[in-house]
Amino acid sequence: MTMNLTQSIKQTWYDARQRPAFTALYVCGVALAVAFTMIFAMIYYVKLAPVYPERNRPRTLYINSVQCKMNAGRSQFSSPVGYPFFRDYISKLENAETISGCPGIYGARSMVRPDNGQPEFEINDKGVDPAFFKIYDFKFLHGKPFTEADLSSASQVCIIGHHLAERLFGSPESAMGRDIHLNDLDFRVAGVVREGSRLTPASFAQLYRPYTTVDGYDRIMRDDMPWVGVINATLTVKDDAQAEALRSEIDDMLRRINAADTSKVISMKSYPMSHTQSAFMTFGDTTDWRLAIIKKYSLILLVLLIVPAINLGGMIAGRMEERLSEMGIRKSYGASRRRLLGQVLAENLYMTLAGGLLGLLAAWTTIYAGREWIFGVFDPYHIISTAEVSSQVSGEMVFAPLVFAIALTICMVLNLLSALIPAWWSLRRPIVSSINEKR
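Per chain, the residues get numbers from 1 upward, laid out in the order the sequence is written. Reporting in this predicted model follows two pLDDT cut-offs: at least 70 for local features of residues, and 80 or more for side-chain atom pairs to be given and counted; totals over whole chains, interfaces and linings ignore these cut-offs and use all residues. As a convention, hydrogens and water are excluded, and side-chain values are obtained from all of the structure's heavy atoms.

Colleague: Honestly, the overall build of the chain in this entry has me stumped. Any pointers?
Modeller: Secondary structure elements are taken from DSSP: a helix is a run of H or I of four residues or more, a strand is a run of E of two residues or more, and numbering for both begins at the N terminus. Looking only at helices and strands, the chain has 15 helices and 14 strands in total. Out of the 439 residues belonging to the chain, those deemed buried represent 49%. Contacts in the chain between residues far apart in sequence, at least 24 positions, make up 76% of those at least 6 positions apart. The method behind every accessible area is Shrake-Rupley, applied with a 1.4 Å probe, and residues are considered shielded solely by the protein chains displayed. If you sum the accessible surface of the chain, you get close to 21800 Å²; carbon and sulfur atoms cover 58% of it. Throughout, exposure labels follow a simple rule: accessible area from a 1.4 Å probe, protein chains only, divided by the maximum for the residue type, with under 20% read as buried, over 50% as exposed, and the rest as partly exposed. Residue contacts are defined here by distance: any two heavy atoms, one from each residue, within 4.5 Å place the two residues in contact.

Here's what the structure looks like:
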């Protein structure tokens, strides 16, 4: 077995050296297919996978919109949740492990004025509650989250990321207990966390403060419409069964609300939605999101995988025509069709592996070099844009062995099929006919 493998590799290396142009084109073709597929896969891996600090994504649900119809449907409003609705109803749902509220989906931008005389600069800040730090698995380098008492009293305390701490105070440790001048108000630093990435926008901010310190957190659409406002709710559940129980509980809650006041109709068409659903749906989209995924991305995958496989199949067919005389001679010396076919497929496999590794390196390089824009290609709404913040690409985001294994396996299967068909037809030729093909 070892001898056969060694001979197969030596034969492949010999053929590659004899035809360097074909080998280079083939390996580069596989590399491009793997690279583009990996980039596409990694973009959505970052959006969907449980990465820091959003490790609870599989158990996370969102309520980012509520619809309110009044005057027999003549007036209709759709907006995030009103604070009274969140406080009196959503925060009291029983079929959820943790419930958190936040004004705005991605937070806001605020101005920070350093003490060292440097000009003020813009940061991303987010108004949150203590439950926020239970849903998102932030690593506290110093300090701890603020408390419910801080939230209730609108205490001017904050949690900051380690990059902001280093910029303002020199180190995360030096930031503890210091004041940050945020929008002309002083907030005391109660904790420093390892900063996440703006590629995880649901959790990302450079500064977190009690949402009761955010102007307008309790704003509602109208005085007679406490249901719609600016609050986005994030919930976690234990499993799918509890998620279904939560949806049933919300349906019952809405029925009770609507029955108590028939002048309006409150609804949540697609909410609460899972993290996967939220990553693929656009705002206001109430269609079947699974069908939308298939329609949107099947063509992209077809171009990335099938088209290169067809091109490689054509190259291999031409290559087999050139090797007909060689195959005829080897058959005349007793080589079986099965053995010759195995050798052709083995050569294809080795070159596919080489192209796959080259494509993986190209994908990683492209992802890192183009991290400031590439993740917004398919979903520009989910990228927080701040000149002061770079897109942090952590190792767990790009070094995903399962993603590479799946992408390489798909490419290998397609490439082996593209080699099998032309090789099979070529080896069916009679020995005399094959030998006579020699020029």
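Here the narrative resumes.
Colleague: Is there a simple way to think about empty space enclosed by the protein in this case?
Modeller: With a probe scaled to a water molecule rolled over the atoms, the places where space remains empty come into view. Put plainly, a pocket is an open set of points on a 1 Å grid over the protein atoms alone with protein on both sides within 12 Å along at least five of seven lines, a cavity is a set where a 1.4 Å probe fits but cannot get out, and a lining residue has an atom within 4 Å of a point. Grid points are joined across faces, edges and corners, and a volume is the space filled by probe spheres set on the points. Taken as a whole, this structure holds two cavities of 30 Å³ or more when the rule is applied. Within this model, the second largest cavity holds a volume of roughly 40 Å³. Lining the second largest cavity, in full, are Arg113, Pro114, Asp115, Leu168, Phe169, Asp179, Ile180 and His181. Broken down by element, the residue count for the lining of the second largest cavity peaks at three residues, all from strand S9 (residues 179-182). Grouping the amino acids of the lining of the second largest cavity by side-chain chemistry returns four nonpolar, one polar and three charged. Amino acids outside the nonpolar list (Ala, Val, Leu, Ile, Met, Phe, Trp, Tyr, Cys, Pro) and the charged list (Asp, Glu, Lys, Arg) are all regarded as polar, and Gly is one of them.

Colleague: Hey, could you run me through unusual backbone geometry in this one?
Modeller: Residues other than glycine predominantly adopt negative phi, and peptide bonds predominantly adopt the trans conformation. Cis geometry marks the peptide bond from Tyr52 to Pro53; its omega dihedral reads -5 degrees. Along the polypeptide, Pro53 turns up in the loop between helix H2 (20-48) and strand S1 (60-63). Even without a glycine there, the phi angle at Ala154 is positive, about 55 degrees. Note on placement: Ala154 falls in the loop between helix H5 (148-152) and strand S8 (157-161). In this structure, Asn183 takes a positive phi of about 50 degrees despite not being glycine. In this fold, Asn183 is placed in the loop between S9 and strand S10 (185-193). For Asn183, a relative accessible area of 37% translates into the label partly exposed.

Colleague: Sorry if this is basic, but what is going on with the nonpolar core here?
Modeller: For soluble globular proteins, the rule of thumb is that nonpolar side chains tend to be buried together. Nonpolar cores are built from buried Ala, Val, Leu, Ile, Met, Phe, Trp, Tyr and Cys residues. Side-chain atoms within 4.5 Å join them into one set. Judged by nonpolar contacts, the single largest core of 48 residues is most densely connected at Ile63, Phe85, Ile90, Tyr208 and Met268. Elements represented by at least two residues in this core include exactly S1, strand S2 (66-70), helix H3 (83-88), helix H4 (132-135), S8, S10, strand S12 (231-236) and helix H8 (240-260). If you tally residues by element for this core, the top one is H8, at six residues. Residues contacting Phe85, with those up to four places away along its chain left out, are Val66, Ile90, Pro226, Trp227, Met253, Leu254, Ile257 and Met268. Counting 25 residues, the second largest nonpolar core, distinct from the first, contains Met38, Tyr44, Phe375 and Leu408.

Colleague: I'm lost on the confidence of the model for the chain in this one. Help?
Modeller: With 74% of its residues at a pLDDT of at least 70, the chain reaches an overall mean of 80. Throughout residues 431-435 the model reports pLDDT below 50, and contacts reaching past four residues in sequence, or to other chains, amount to 11 contacts. Per residue, pLDDT measures the predictor's confidence, with a range of 0 to 100.

Colleague: Before we go on, may I ask you to explain the environment of Ser110 in this structure?
Modeller: Looking at the secondary structure, you find Ser110 in strand S5 (residues 108-113). The exposure class of Ser110 is buried, given its relative accessible area of 3%. What Ser110 contacts, discounting residues up to four positions off in sequence, is Phe121, Glu122, Ile123, Asp125, Leu182, Asn183 and Arg209. A 3.5 Å cut-off defines polar contacts: any pair of N or O atoms within that distance qualifies, except that in protein one atom must be a possible hydrogen donor and the other a possible acceptor, and neighbouring residues in sequence count only when both atoms are side-chain atoms. Of the polar contacts made by the side chain of Ser110, one reaches the side chain of Asn183; its length is 3.1 Å.

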